[in-house]
Amino acid sequence: MNSLTNIFPLETEESLLKHYGDVGVNQKELILPYPHYYWENNQLIKSYLCHSKVHDSINKILTNVFDYYGSEEIHRLRLDIWGGCLYLRAIRGGTKFSTHSWGIAVDYDPINNQLDWGKDKALFASPDYENWWKFWEEEGWYSLGRQCNYDWMHIQAAVRH
């Protein structure tokens, strides 16, 4: 039995447009339940824009993360190192829009979970992160790392087929 809170669309442009609308629209500010720091310059992030249809889901996930891990453990595990959400761009090496273009994908700790790293190198593949993944997956989010063994930083509200 499926216990997911959300059922997200397939990661096809047609499905994404039908479910979320045009890229870059319907965005809502997410006030973060714990501070994040931008991965490139350590700038404090207190909020960011995401699609309105995933706003409450991300808020619930990050609140669960904060309640479960607490500030010190979040910092130790680098769950506060933010790589971005809304960013209008094509997928790497392609011409189709990235799920970031809809504000339905979030990246965390890009330095230690690089795009082409598998579970042998990615920090987020270790057992310390099992509850982190549980909170995302309970909400129906899709991890490229857990499902495809690459891009462990990336979590999206669309299912790769």
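Further up the page is the structure itself.
Note that the structure is predicted; figures quoted are calculated from it, not measured.

## A closer look at the overall build of the protein
Regarding its fold elements, the protein presents four helices and six strands. Here the C-alpha radius of gyration of the protein, 15 Å, is about what a compact globule of 161 residues would show, namely 15 Å. Across its three principal directions, the C-alpha atoms of the protein cover 40 × 40 × 35 Å. The burial tally for the protein puts 45% of its 161 residues in the buried class. A sequence separation of at least 24 residues applies to 64% of the contacts in the protein between residues at least 6 apart. The centroid of the 15 positive side-chain charges in the protein is displaced by 3 Å from the centroid of its 21 negative side-chain charges.

## As for helix α2 (residues 52-77)
End to end, α2 covers just 28 Å across 26 residues, shorter than the expected 38 Å (1.5 Å per residue, more than 12% under). Within α2, the full set of buried residues consists of V54, H55, S57, I58, I61, L62, V65, Y69, G70, I74 and L77. On its buried face, α2 is in contact with α1 (13-20), β1 (27-38), β2 (44-51), β4 (105-108) and α3 (130-138). Downstream of α2 by a residue or two, R78 has a phi angle that is positive, lying close to 65°.

## Structural notes on the environment of Q156
With respect to the helices and strands, Q156 occurs in strand β6 (residues 154-156). On the basis of relative accessibility, which here comes to 1%, the residue Q156 falls in the buried class. Apart from the residues lying within four places of it in its own chain, the contact partners of Q156 are E11, T99, I104, A105, W141 and Y142. At a separation of 2.7 Å, a polar atom in the side chain of Q156 contacts the side chain of H154.

## Some thoughts on the sheet that holds β6
The mixed open sheet is built from six strands, whose spatial order is β2-β1-β3-β4-β6-β5. Edge positions in the sheet fall to β2 and β5 (142-143), since each of these pairs with one other strand and no more. Most of the contacts of α3 go to β6, to which it runs at about 25°, and overall it touches β1, β4, β5 and β6.

Cut-offs and rules
Residues numbered from 1 in each chain as written. Predicted model: local features only at pLDDT ≥ 70, side-chain atom pairs only at ≥ 80, totals over all residues. Heavy atoms only, no water. Helix = DSSP H or I, 4+ residues; strand = E, 2+ residues; numbered from the N terminus. Rg over C-alpha atoms; globule rule 2.2 N^0.38 Å. Buried < 20%, exposed > 50% of the residue type's maximum accessible area, 1.4 Å probe, protein only. Contact = heavy atoms within 4.5 Å. Lys, Arg positive; Asp, Glu negative; His and termini not counted. Charge placed at Lys NZ, Arg CZ, Asp CG, Glu CD. Expected span 1.5 Å × (residues − 1). Polar contact = N/O pair within 3.5 Å; in protein donor to acceptor, adjacent residues only side chain to side chain. Pairing = 2+ DSSP bridges. Axes fitted to C-alpha atoms, helices over the stretch in contact; angles between N-to-C directions.

Spatial relationships are all this shows, so hold off on functional conclusions.
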